[in-house]
Amino acid sequence: MRILLDNFTKKFDDVMVINNMNLEVRDGEMMALLGPSGCGKSTTLFSICEIYQCNGGRILFGDRDVSNVTSQHRNVGVVFQNYALYPHMSIFDNIAFPLMVKKMPAEQIKKEVHKIAELVHIGDLLERKPSQLSGGQQQRVALSRALVRKPDVLLLDEPLANLDAKLRLEMRSEIRRIQQETGITAVLVTHDQVEAMSMCDRIALMDHGKILQVTTPNDMYHNPQTDFVAGFLGNPPIAFLDGVITNGQIQLKDSAIQLPLPSRVPVQPDGKIVRLGVRPEYFGNQAGIELQGQVSFVETQGRENLYDIRLGNGAVLRSIQPVRADAGLGDSVSWPLDTEQILIFDDQGQRVA
Amino acid sequence: MSDKNSSNFKSWPVTLILGLFSVPLLVMYLYLFIDTFTNTAPGSLIPNELTFEHWRFLWETEPGTVSIWQVTLNTLIFASVMTLVILSVSLTAGYALSRLNMPFRRFFLAGVLTLHAFPTVTLVIALFIVLQFLGLYNTLIGVIFIKAALMLPFGIWVMKGFYDTVPWEIEMAGVQDGASRFMVWRLLVLPQIKPGLIALGVFSFLEGWSEYLMPQIFAPEADVQVLSVYLASLIADDQKFDFNLFKSIGLFYVLPVIVLYLVFQNKLMNIYGGGSKG
Ligand SMILES: Nc1ncnc2c1ncn2[C@@H]1O[C@H](COP(=O)(O)OP(=O)(O)OP(=O)(O)O)[C@@H](O)[C@H]1O
Ligand SMILES: [Mg+2]
């Protein structure tokens, strides 16, 4: 069921956390709320399920305005970061709890619990207590409990944050699989861009209680609307260079280097201050304008190496490329920069092109 | 404490020292027990006859006094009603203080702590006047209310500590699962604070059972006497002073305490576990 936040506003006492947010999560879609710590992701999520009451605007499920509907009647499944399993109950009772509250007949509860347990692959753990499960298993239980009463909407607050790296990878695809098999509309809160990009249909990137951009992971990576979005997505991160438009070209700050504008960019007025975003994969690999610099940092990532190159004016570019022998720490190198792929922002951080 | 984990140091020296220091105490308890079943010639330490006459208070009541069973019943009512009052108020007030975002929360918390440390004796005269005014002087109800009220700050504080240990998300998860706030409390929160509840219950009961000062001041009359007051009135009576009878009643009085303690000793330790997180 689609979720619509319409001028949604949330304050804690006098602190404005979310101001007039508009967001639509389409039916059957998995949407990531991505952003740095403290930007209001959890606040938004908890407002959707009425753990927090909104101070303004409307929240719609489908066409139904649920702004004034209590948690108990919103039919939302929530998975909390620490799973919030009921420690004194068996796994079976944990999953059965939402059905028991609904006063479903015992026979049917049993059937439903087993069905969901099969889907989530915890069929053989039902007799245990939560404390006897591993983190990943607890996560699965939390997911089953949220899904068992067939909620309209599934909300996940940093569901992978408490897992170790390997399990995180496994649960990432598991959660996605379960979401797709059930076809449920889901909102995932995370501060990890990889999680957001790999699990979700679309990403809403937030900062300071505002949504900066909502689009597909791919589009957000290649077409960020602001320098903040560009900097938030991508690992290793994008590098920024300062420059000024001179004679229709980009003159790098404190340097003689001039770069042509990418061909897609319309003519820019001379004297305009710009910020260039260069993703590491577009420096040192393809053909382009050669830039001279010194290797100031090398990080081995296995198949590839990450190099930091300090240019003559002190600015640093990053490059990721297959391990090469001719570039050690301190070496002078001259590598090509693919100027067609440069992202250009104005001095306010807004994308020019 | 347990043998399992003491392998890296020898426990017997400690046991020995503690044992030595405890010997006088143990001997006293032993004599308390022996004396109630025997008679001993004056000046001797070894008893010379076995007798049940010191326990006759159990089946006969001397004229002009109350039956021991009446007194025991009073004590039982006093201790258990007081426990009930403390438990029900602490259970709800502790929850409110721990969870609900109510006005003056900090003020209440500070107040509860201050009251906890308030010296009881300074209140005696005021309480006396209040009880007189309400007509509750010399009634069990009156003294139950007083003792319960005095113990409530402690109880509320302990229960709040236990509630604080229950993660907030568990309650929110329950609400999301469609349960009402009350159901969440009863089905999800209460089971987790049960150890605290049991500990506070036993603690309050023992406190009530052994309370002397309040009943002595506010309910001294024969028909509402509790065991501690009854016992005190025995020694106060200079005319027929019976030391062994006094010991027997004393033993009768502490037996429930010992039994409760043995049954619940592990649970009692919980008070310090959960109550410390305030
Ligand atoms: N109960 C509250 N009272 C007052 N301020 C709050 C409360 N809860 C959150 N805030 C504030 O609201 C802002 C957003 O908090 P929120 O928990 O939504 O952040 P988040 O994006 O989920 O961050 P994280 O990734 O660290 O979980 C923060 O600045 C926080 O200090
Ligand atoms: Mg959060």
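Note that the structure is a prediction, hence the values are computed from the model and not measured. (Residues numbered from 1 in each chain as written. Chains lettered and ligands numbered in written order. Predicted model: local features only at pLDDT ≥ 70, side-chain atom pairs only at ≥ 80, totals over all residues. Heavy atoms only, no water.)

Asker: I keep staring at the overall build of chain A and nothing clicks. Help me out?
Answerer: Tallying secondary structure elements over chain A gives eight helices and 19 strands in all. Each of the 353 residues in chain A was classed as buried or not, and the buried ones make up 53%. Relative to all contacts within chain A whose residues are 6 or more apart in sequence, the contacts with residues 24 or more apart total 66%. When the 36 positive and 42 negative side-chain charges of chain A are each reduced to one mean point, those points stand 6 Å apart. (Helix = DSSP H or I, 4+ residues; strand = E, 2+ residues; numbered from the N terminus. Buried < 20%, exposed > 50% of the residue type's maximum accessible area, 1.4 Å probe, protein only. Contact = heavy atoms within 4.5 Å. Lys, Arg positive; Asp, Glu negative; His and termini not counted. Charge placed at Lys NZ, Arg CZ, Asp CG, Glu CD.)

Asker: Looking at this model, I keep getting lost on the overall build of chain B. Mind explaining?
Answerer: If you tally the helices and strands in chain B, you get ten helices and two strands. Start at the N end of chain B and walk to the C end: the helices and strands fall as α-β-β-α-α-α-α-α-α-α-α-α. With the C-alpha coordinates of chain B rotated into their principal frame, the extents come out at 75 × 65 × 35 Å. Within chain B, buried positions represent 38% of all 278 residues. Of the contacts formed within chain B by residues at least 6 apart in sequence, a portion of 73% connects residues at least 24 apart. Carbon and sulfur atoms make up 71% of the accessible area of chain B, which totals about 16000 Å². (Areas by Shrake-Rupley, 256 points an atom, 1.4 Å probe, with all protein chains shown as cover.)

Asker: Hey, could you run me through the site of ligand 1 in this one?
Answerer: All names here are of chain A. Around ligand 1, the surrounding shell consists of Phe 12, Val 17, Ser 37, Gly 38, Cys 39, Gly 40, Lys 41, Ser 42, Thr 43 and Glu 158. One of the backbone nitrogen or oxygen atoms of Gly 38 is found 2.8 Å away from an oxygen atom of ligand 1. Thr 43 places a side-chain nitrogen or oxygen 2.4 Å from an oxygen atom of ligand 1. Protein contact buries 58% of the 640 Å² of open area that ligand 1 shows by itself. For the shell around ligand 1, the element with the most residues is helix 1 (residues 41-48), which contributes three residues. Across the shell around ligand 1, the residue classes tally to three nonpolar, five polar and two charged. (Near = heavy atom within 4 Å. Polar contact = N/O pair within 3.5 Å; in protein donor to acceptor, adjacent residues only side chain to side chain. Nonpolar A, V, L, I, M, F, W, Y, C, P; charged D, E, K, R; others polar.)

Asker: What is the right way to look at the interface of chain B and chain A in this model?
Answerer: Reports often express the size of an interface as the amount of accessible area lost when the parts come together. Each side of the interface is counted separately: chain B has 18 residues, and chain A has 21 residues. Summed over both sides, the interface of chain B with chain A buries roughly 1700 Å², with 67% coming from carbon and sulfur. For the pair chain B and chain A, the interface holds one salt bridge. Linking chain B with chain A are eight residue pairs in polar contact (both at pLDDT 80 or more), by the criterion used here. Mapped by element, the contributors of at least two residues to the side of chain B that touches chain A are helix 6 (168-176) and helix 7 (181-210) of chain B. With eight residues, helix 6 of chain B is the single largest residue contributor to the side of chain B that touches chain A. Looking at the side of chain B that touches chain A residue by residue, the classes come out as ten nonpolar, five polar and three charged. (Buried area = accessible area lost by both parts, 1.4 Å probe. Salt bridge = Lys/Arg side-chain N within 4 Å of Asp/Glu carboxyl O.)

Asker: Hey, could you run me through the layout of surface pockets in this one?
Answerer: A water-sized probe rolled over the atoms picks out the places where empty space is left. Looking at the largest pocket, its volume works out to about 620 Å³. Around the largest pocket sit 19 residues that line it, and Ile 51 and Tyr 52 of chain A together with Trp 168, Met 172 and Arg 181 of chain B are the ones nearest its centre. Secondary-structure elements contributing two or more residues to the lining of the largest pocket are strand 1 (3-12) of chain A together with helix 6 of chain B. In terms of residues, the lining of the largest pocket owes the most to one element, helix 6 of chain B, which gives four residues. Along the lines of polarity and charge, the residues of the lining of the largest pocket split into seven nonpolar, six polar and six charged. (1 Å grid on protein atoms, 1.4 Å probe; cavity = no way out; pocket = protein on both sides within 12 Å on 5 of 7 lines; lining within 4 Å. Points joined across faces, edges and corners; volume = space filled by probe spheres on them.)

Asker: What should I look at first to understand the pattern of salt bridges in this one?
Answerer: If the charged atoms of two oppositely charged side chains come close together, the side chains can form a pair. All names here are of chain A. Applying the stated criterion across every chain, the model contains 24 salt bridges over all chains. A salt bridge links Arg 177 to Glu 174; the nearest nitrogen and oxygen atoms lie 3.0 Å apart. Note that Arg 177 and Glu 174 are positioned in helix 5 (residues 165-182) at a spacing of three residues, about one turn of the helix. Assessed through its relative accessible area of 21%, Arg 177 is described here as partly exposed.

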